[in-house]
Structures are given as structure tokens and as C-alpha cells.
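Commentary on secondary and tertiary structure
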Amino acid sequence: MEDDGHVLEFRLPDLGEGLAEAEVVSWSVAVGDDVELNQTIAEVETAKAVVALPSPFAGRVEELLAEPGETVEVGAPLIRVRIASPPSAVTAVQTEAEASASPGPDTADGNGRRSVLVGYGPEGEAESRRRRHAQEARAAATPAARKLAKELGIDLWFVAGSGPNGAVTVDDVRGAVPVSPPRPSVPRTDLAPATSAVPSVSDQNAGVIRPSVREERTPVSGIRKRTAAAMAASARTIPQASAFVTLDCTASMELLDHLRTTKSFAGLTLTPLALVAKATLAAIAEFPGVNAYWDEANQQIVTKHYVNLGIAVATGRGLLVPNLKEAQTLGLRDLCREIGWLAETARSGSATPADLRGGTFTITNVGVFGVESAVPLVNPGEAAILCLGSIARRPWVFRDELAVRWVTTLGISFDHRMIDGELAARFLATTAGLLEDPLTLLSR
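Counting of residues starts from 1 at the beginning of each chain's written sequence and follows it residue by residue. Thresholds applied to this predicted model are a pLDDT of at least 70 for local features of residues and 80 or more for the giving and counting of side-chain atom pairs; totals over whole chains, interfaces and linings are not thresholded and use all residues. In computing side-chain properties, one takes all heavy atoms of the structure into account and sets aside hydrogens as well as water.

Comments concerning the overall build of the protein
- Per the secondary structure count, the protein includes ten helices and 24 strands.
- Burial status across the protein gives 44% buried among its 444 residues.
- Contacts between residues were defined by any pair of non-hydrogen atoms, one from each residue, lying within 4.5 Å. Counting only contacts in the protein whose residues sit at least 6 apart along the sequence, the fraction spanning at least 24 positions is 61%.
- Areas reported here follow the Shrake-Rupley algorithm with a probe of radius 1.4 Å; residue values treat only the protein chains shown as occluding. Summed over its atoms, the accessible surface of the protein is roughly 22800 Å², and 53% of this surface lies on carbon and sulfur atoms. In this description a helix means any DSSP run of H or I spanning at least four residues, a strand means any run of E spanning at least two, and both kinds are numbered starting from the N terminus. Classification of residues uses two cut-offs on accessible area relative to the type maximum, computed with a 1.4 Å probe and protein chains only: under 20% is buried, over 50% is exposed, and between them is partly exposed.

Here's what the structure looks like:
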């Protein structure tokens, strides 16, 4: 924060997770407004979440330095606020942030009160927090990958990692293709000017690309940009295979109907996804090899004996995959509640980076869109992803007779470096068997 008389400048703080920029979604204040300490002044969208920025001091807004939709780098100025107290009231925390031009999520006023970024929560001293962020950003790539990227002139921020916890590996760098800026278009002189279709032009004032009659261009930023990089890394670095099983889930649907009438599930929205999650966790306990990641640097398969279960959620801003921490400890009722909470948090834009990182296994539910099955891509840093298709009443041979039953299809995409076809098939068959006879879950 920089001092200009009694006017202080608030710069975009370090949002953690190695994130270098954020897009301004909206301002909650206008020029001339009075703001209080910790009052939300803006919402910004990083590659992982929408974050509310609180004001680090009280005063009157002098100037907004970024427009909604504009991408701002960490340390760049966002807003100027005129404070009533003299500049000497600004604490050492602000002075230190000014020197680094990259204040952390915690700042303090002259009374020692902290302004905390919504979604991050209070931490220890700002100095140790900044050191930890620097270490996390450094751990985003292996030393060999960092060296190669420097030699090739590749910005590691734009390379999605396939290593542990999303770290960039040498293979990721080698597979990265630098994107050249688009060449300026040259007008055709041999064609008569057209009046029915106006080509797209960039509105320099509003920063908005106007659509033409036949095309529309949408800038790729925020969550969409991060998703694109992760999926490209998945397709490029992970040798993937898939398997499917179609099953009679009538018993599961009847169980869900019964549980919805009980007091234990009163007030909860009990969906088939919760029961599928419970069956998946039971199958992972029997086949832990599907809950692993490939450590490229050390040439090791790291099997995790805990499950952070990712739930893919479609949102207005793109695909998010928040995860349930230590999901193997949750019962069906807790899974039902937590899945509902995660989905609502993701759709409302209030999911935090902590909600989105550290997943070990993912479930995606394409059945809610009426699709019978799909072949999802494995998230980098994981070994497999389970896909739940639509659940519908279909003809089925039941006890040697043709009957109408509830039927669905489960699919699994897996990293063939770690998971052989036999392991994937056994895991999938076990999950399906638990859904065909869900009472067997009571013994697990």
C-alpha cells in the first residue's frame, strides 16, 4: 500500500496457491463511498475460486483502478482510499506490504485488528504466511522442470502439472506448446464492402469484445483457463483407459426412498450420488490402488490411505471439483449433507482454494443431464475418476424373467501407468455390486 498524503493505495494481495493474477468480478463500492475496516470492497476470481476482498482500512473511496472483467496481477493497484487519520497510523504490516508490493491475505490496522480475505480465515503472523506461500509456489514444479522451462523460455504458470499435488514435471514442460499472439488480420481488397455482417471489434473503453453476426469470441480466464490447462495436461501426460458396467440399482433406489422417510435424513436431500459415493469409498478401501498418484520425479506410485473425494460440479463459471476431506470417515448421512453443501458452495462462487485442492479420487455425475455414460478425463495428480450415468426404468432380466427395473451405467477412466485393467474391473464390479445390494454396505 502506498501513501500519497492521506490517500492510501490498496494492491491485489497474494491469494496463495501460487496464484499470480485474478479477474475483477465486481465492485461493492463506488467513488465517494465511505468504507469501514473489513468491509467487502470487491470480488475477484482466481483460477480456483471467487474471493471477496475486504478493505484493510477505513476511509473514503477516491478512485477505482480496475474495471470489472479486467485481469489484475498480484501487487497491482486496485483502489485508492483517503483515510481520516494521518499516514503514521498505518501499521508496520502495511509498510512491509508496501515494500514487497504483494501483501498477504492478512493485513492489520493501527489498532491491531486484522482484515481477512473471505474464504481464507485468520492465520499466524503475516511474515510466516508469506514465507509459506513462497514455498508453496516454489513446490509447484520440480527443480528439473523449472530449469528446463527457464531454458525454453516457458512460463510455468501456464503449464498444468501432472505430478504430485499438481506439480509441473519435465514431461509437462516438454509437452507445453508456447502460444503465439494472433497475427493482425489483413483486410481483403478484392471484395466489395459488406453491410450485412459487421466484423468483431474490441471495445477499448469497456474491455469487452463485441460479437459479430456469425461469431462470438469469449476471453479465456479464471476457472476456464485453469480447467483448460489441467485437461490438456491430463490428455497429454496420462495414458488413459476406460471400463463400464451396467447394473440393476433397483434395491438402491428403494433404500433411498425408505431412508427419505426416516428422522435421520429429515431436512436432507438424499440423492443417488450420496449412495454411489458411499459404495465408492467402500470399494476404495478394498482396492486402495485406485487412490494413488504417479510421482514422475521419483518414479514411484504413491498410494494414499485417506480419501479426499472430489465431486465434479457444473457452475456458471465452469467446472469445479471441490472435495470432501477424509471422506472415508463419513457415514451416508454425513456424505449426503457434505455433498449438498459442497455443490451449493461451488455454484454460489464461495468455494475456497482449500475446498478445491488435495483431491485423491473424483466422481462425476453426468446422469443429471440425462446422459447414460461418458468418458471423463483423469484429474492430474489422481489415478482414476468414476462416472455415474442416468438412472432410468428399463427392461431387465430379473430372476430369469423380463421386468422393468431401475438401471444405470458406471464408468471409470484410469491412469494405465498405475492401474491395470484387472484392478479397474474389480474395483468397478465391486462398486456396482454394492449398489445392486446396498444392504451389504452395512458390513463395511
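With respect to the environment of G340
- Note that G340 resides in helix α8 (residues 332-348).
- Note: C-alpha distance between G340 and L268 (72 residues apart in sequence) is 8.5 Å.

Focus: the nonpolar core
- Working definition of a nonpolar core: buried Ala, Val, Leu, Ile, Met, Phe, Trp, Tyr and Cys residues. They are joined through side-chain atoms within 4.5 Å. In this structure, L309, F361, I363, L386, I419 and F427 are the most contacted members of the largest nonpolar core, which totals 59 residues.
- Sorting elements by how many residues they give to this core places helix α7 (residues 272-286) first, with ten residues.
- Membership of the second largest hydrophobic core comes to 21 residues, among which are L8, F10, A42 and V81.

Some remarks on the sheet that holds strand β5 (residues 40-45)
- By definition, two strands form a pair when at least two bridges between them are found by DSSP. Spatial strand order, β6-β5-β3-β8: four strands in an open sheet with antiparallel pairing. If you trace the sheet from one side to the other, it starts and ends with β6 (50-54) and β8 (71-73), each paired once. Strand-to-strand twist across the sheet, computed as the mean angle between neighbouring axes with direction ignored, equals 40°. All axes here are fitted lines through C-alpha atoms, helices being fitted over the stretch that makes contact, and every angle between N-to-C directions spans 0 to 180 degrees.

Concerning the pattern of salt bridges
- Definition used for salt bridges: Asp or Glu carboxyl oxygen within 4 Å of a side-chain nitrogen of Lys or Arg. Applying the stated criterion across every chain, the model contains 14 salt bridges.
- Linking E45 and R317 is a salt bridge whose minimum nitrogen-to-oxygen distance equals 3.2 Å. Highlighted residues: E45 in strand β5 and R317 in the loop between β18 (313-315) and β19 (318-320), separated in sequence by 272 residues.
- By relative accessible area, which is 24% here, R317 ends up partly exposed.

Structural notes on unusual backbone geometry
- In this structure, E326 takes a positive phi of about 50° despite not being glycine.
- In this fold, E326 is placed in the loop between β20 (323-324) and α8.
- Look at D400: it is not a glycine, yet its phi comes out positive at around 65°.

Concerning the packing of aromatic side chains
- Two aromatic rings, drawn from Phe, Tyr or Trp (for Trp, its six-membered ring), form a pair once their centres lie within 6.5 Å of each other, and the interplanar angle then sorts them: stacked below 30 degrees, edge-to-face above 60, tilted otherwise. Counted according to the given criterion, the structure contains one aromatic pair.
- In this scheme, Lys NZ or Arg CZ marks a charge over a ring once it lies within 6 Å of the ring centre and within 35 degrees of the ring normal. We note R405 situated over the ring of F398; from NZ or CZ to the ring centre the distance is 3.7 Å.

Section: the confidence of the model for the protein
- How sure the predictor is of each residue is captured by pLDDT, a score from 0 to 100. Residues at a pLDDT of 70 or more form 73% of the protein, whose mean pLDDT is 79.
- For the protein, the element scoring lowest by mean pLDDT is helix α1 (residues 92-100), at 37; strand β22 (residues 384-388) scores highest, at 98.
- pLDDT under 50 marks residues 87-139. Its contacts with residues more than four places away, or in other chains, come to 97 contacts.
- Across residues 188-210 the pLDDT falls below 50, and counting only partners more than four positions away or on other chains, this stretch makes 17 contacts in the model.

Comments concerning the pairing of strand β21 (residues 361-365)
- Most of β21 sits inside the fold, with five of its five residues counted as buried.
- Of the two faces of β21, both are covered, the one formed by F361, I363 and N365 as well as the one formed by T362 and T364.
- Pairing between strand β17 (residues 309-311) and β21: three bridges, direction parallel. Residue pairing for β21: L309 is matched across the bridge by F361.
- Pairing of β21 with β22 involves four bridges; the strand directions are parallel.

As for α8
- Taking 1.5 Å of rise per residue, 17 residues should cover 24 Å, and α8 covers 24 Å from first to last C-alpha, within 8% of that figure.
- Every buried residue of α8 is accounted for by L332, L335, C336, I339, L342, A343, T345 and A346.
- Following α8 by one or two positions, G349 has its phi on the positive side, about 85°. What a helix is expected to span follows from its residue count: subtract one and scale by 1.5 Å.

Remarks on the packing of α7 against helix α10 (residues 421-436)
- Following both chains from N to C, one finds α7 and α10 inclined at 135°, their axes separated by 9 Å at the closest point. Overall, the two elements α7 and α10 adopt an arrangement that is oblique. α7 and α10 meet at a crossing whose hand is right-handed. Residues L275, V276, A279, T280, A282, A283, I284 and E286 of α7 form the contact with α10, whose own contacting residues are F427, T430, T431, L434 and L435.
- Residue composition of the contact of α7 with α10, by class: nine nonpolar, three polar and one charged. When describing relative orientation, an angle under 35 degrees is termed roughly parallel and one over 145 degrees roughly antiparallel, while 65 to 115 degrees is termed roughly perpendicular and anything else oblique. In this scheme the handedness of a crossing depends on how the near helix is turned from the far one: anticlockwise by less than a right angle means left-handed, clockwise means right-handed. Residues were grouped as follows: Ala, Val, Leu, Ile, Met, Phe, Trp, Tyr, Cys and Pro as nonpolar; Asp, Glu, Lys and Arg as charged; and all remaining residues, including Gly, as polar.

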